[in-house]
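# Observations on chain architecture
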Amino acid sequence: MLLHNATLATMEPGAPYGLVRDGAVVIESETILWAGAAAELPEAHRQHERHDLGGRLVTPGLIDCHTHIVHGGDRAREFEMRLEGASYEEVARAGGGIVSTVRATREATEEGLLASALPRVDALIAEGVTAIEVKSGYGLDIETELAMLRTARRIAAARPIRVRTSFLGAHAVPPEYTGRPDAYIDEVCLPALDATHAEGLADAVDGFCEGIAFTPDQIARVFDRARALGLPVKLHAEQLSNLGGARLAAQYGALSADHLEYADAGDAQAMAGAGTVAVILPGAFYTLRETQLPPIDAFRAAGVPMALATDCNPGSSPLSSLLLTMNMGATLFRLTPEESLRGTTTHAARALGLTDAGAIRAGLRADLAIWDVATPAELAYRIGFNPLWKRIFGGRL
């Protein structure tokens, strides 16, 4: 397949967005064979099946690198409670929050979990998304954690999208372990992680380091087990306070530290040294009406790559639009449109440990999005408008 008469946002170094005007892309099977200026197209590639894109913009397929898209039930009532004055922490301590979703998820079947997740996945696919991350963490018992991850794996069989899974057993303390978080880690979380690994259900291990969840020492025990199993780690860190989660993530060479509203310049330096991606989640910031901004300037100064993700979940970020996430990253956190696009392509791929995605380059997977826009900035500029024209997944238009 030869795509031509296109503007390419390759996301390669050099020009802003790695922009190539009057560009062309050659695809063979699932792989990009060649990409660049059409005038430089090798003669050997000129005879492929041609697709004239009419000057449209081509970007790498978008990547949503932080979601909780598999879950039971909803938390619309808690949304009302917060609007009536209750804080996120107050809702959680009253038995709501994550724990309320745990109840609904435990009651759901795997078929039910899949059926409820697919419409949210379809919404992302319709916006040019070609890869997503899906976490467990709403089971908080061995059986349901495994069921969530099995469901996540099934998404990739049911839809044309790549799925990376993260075991998030250290997400919250379930009601039956109230006041006994260490016992929960010993008796449920670590055995569930072992069972998850035995079934090959997890690509990474995550945790929630926060006053309403787990301490750095407790998370470290989970990360030690992940390291022993050969699994990379990532962490929900510094969302509501600074407990040292970002530095803990850096200490373990985490793929990413996520949220980070209360991170500081020292955290940024530690993450930069470890190569840990900062995953920025404006949906939760917006939904919870937070006022503490993540230290974007500190991340820039330290050279920390910043990804953007929906954090799609039923409580703090019921968001299933990555395009809106890009706009929110720009308007709420002052990311540039280029940073927003890098945050949903190149840096999002890095946050998931994907080395074959996130740019338009020979040798990478042919996962692309084709847009009816004049410039890449338009993807972060518009609100509630989807300019996707076509999506290419694994070389298929």
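Residues numbered from 1 in each chain as written. Predicted model: local features only at pLDDT ≥ 70, side-chain atom pairs only at ≥ 80, totals over all residues. Heavy atoms only, no water.

With numbering matched to this structure, UniProt assigns "binding site: Fe(3+)" (unreviewed entry) to His66, His68, His236 and Asp311. Across 246 residues, the annotated set stays spatially compact, with a maximum C-alpha separation of 12.3 Å. Of the annotated set named above, His68, His236 and Asp311 line the largest cavity. Note on placement: histidine 236 falls in strand S10 (residues 234-237). Residue histidine 236 is classed as buried on the basis of its relative accessible area of 3%. Those residues in contact with histidine 236 that lie beyond four places of it in its chain are His66, His68, Lys135, Leu168, Asp206, Gly207, Phe208, Cys209, Asp258 and His259. Engagement of the side chain of histidine 236 in a polar contact is seen with the side chain of histidine 66, the distance being 3.3 Å. Counting through the fold element by element, aspartate 311 comes out in the loop between strand S13 (306-308) and helix H12 (322-333). According to the relative accessible area criterion, aspartate 311 is buried, its value standing at 2%. Setting aside chain neighbours within four positions, we find aspartate 311 in contact with His66, Thr67, His68, His259, Leu281, Ala284, Ser316 and Ser317. In terms of polar contacts, aspartate 311 uses its side chain to reach the side chain of histidine 68, at 3.3 Å. (UniProt positions renumbered as here; feature names shortened; annotations may be inferred. 1 Å grid on protein atoms, 1.4 Å probe; cavity = no way out; pocket = protein on both sides within 12 Å on 5 of 7 lines; lining within 4 Å. Helix = DSSP H or I, 4+ residues; strand = E, 2+ residues; numbered from the N terminus. Buried < 20%, exposed > 50% of the residue type's maximum accessible area, 1.4 Å probe, protein only. Contact = heavy atoms within 4.5 Å. Polar contact = N/O pair within 3.5 Å; in protein donor to acceptor, adjacent residues only side chain to side chain.)

Let's shift gears to the nonpolar core. Ile155, Leu260 and Phe299 are the most contacted members of the largest nonpolar core, which totals 92 residues. When residues in this core are grouped by element, the largest group, 8 residues, is from helix H6 (residues 181-198). Counting residues in each nonpolar core, the second largest holds 15 residues, with Ile32, Ala366, Leu368 and Ile392 among its members. (Core = buried A, V, L, I, M, F, W, Y, C linked by side-chain atoms within 4.5 Å.)

One pass over the full model with this rule turns up 4 aromatic pairs. Measuring from centroid to centroid gives 6.0 Å for tyrosine 184 and phenylalanine 214, while their planes differ by 25 degrees, and the two rings are stacked. Of this pair, tyrosine 184 sits in helix H6 while phenylalanine 214 sits in the loop between strand S9 (204-209) and helix H7 (216-229), and the two are 30 residues apart along the sequence. On the basis of an interplanar angle of 70 degrees and a centroid distance of 5.4 Å, the ring pair of phenylalanine 223 and tyrosine 252 is categorised as edge-to-face. You can see phenylalanine 223 sitting in helix H7 and its partner tyrosine 252 sitting in the loop between helix H8 (245-251) and strand S11 (256-259), a full 29 residues away along the chain. The pair formed by phenylalanine 223 and tyrosine 252 is uniform in burial state, with each residue classed as buried. Cluster of aromatic residues (ring-pair linked, three or more members): Tyr177, Tyr184 and Phe214. Against the face of tryptophan 389 rests arginine 56, its NZ or CZ located 4.0 Å from the ring centre. (Phe/Tyr/Trp six-rings, centres within 6.5 Å; stacked < 30°, edge-to-face > 60°. Lys NZ or Arg CZ within 6 Å of the ring centre and 35° of its normal.)

The sites that UniProt annotates as "binding site: 4-imidazolone-5-propanoate" (unreviewed entry) are Arg75, Tyr138, His171, Gln239 and Ser316. Within the annotated group, the residues that form the lining of the largest cavity are Arg75, Tyr138, His171, Gln239 and Ser316. Inspection of the secondary structure puts tyrosine 138 in the loop between strand S7 (129-135) and helix H5 (142-158). The topology assignment puts glutamine 239 in the loop between S10 and H8.

Moving on: the pattern of salt bridges. When the charged atoms of two side chains with opposite charge come close together, those side chains can pair. Per the stated rule, a full pass over the model turns up 27 salt bridges. Here glutamate 12 and arginine 361 are joined by a salt bridge, their closest N and O atoms 3.0 Å apart. Of this pair, glutamate 12 sits in the loop between strand S1 (2-9) and strand S2 (19-28) while arginine 361 is found in the loop between helix H14 (346-351) and strand S14 (368-371), placing the two residues 349 residues apart along the sequence. For arginine 361, a relative accessible area of 37% puts it in the partly exposed group. In this structure, the salt-bridge partner of arginine 365 is aspartate 367, at a minimum N-O distance of 2.8 Å. Of the two residues, arginine 365 and aspartate 367, neither departs from the other in class, the shared state being buried. By sharing partners, the salt bridges in this structure join Glu30, Arg365 and Asp367 into a single network. (Salt bridge = Lys/Arg side-chain N within 4 Å of Asp/Glu carboxyl O.)

What follows is about the pairing of strand S12 (residues 277-280). Side chains Val277 and Val279 project from S12 onto one buried face, and the interleaved Ala278 and Ile280 project onto a second face that is buried too. The pairing of S11 with S12 spans 3 bridges and is classified as parallel. By the bridge assignment for S12, alanine 257 is matched with alanine 278. With helix H9 (residues 265-274) bridging S11 and its parallel neighbour S12, the resulting β-α-β unit is right-handed. With 3 bridges connecting them, S12 and S13 associate as parallel partners. In the sheet register, isoleucine 280 faces S13, and the bridge partner there is leucine 308. (Pairing = 2+ DSSP bridges. Right-handed = clockwise from strand over helix to strand, strands pointing away.)

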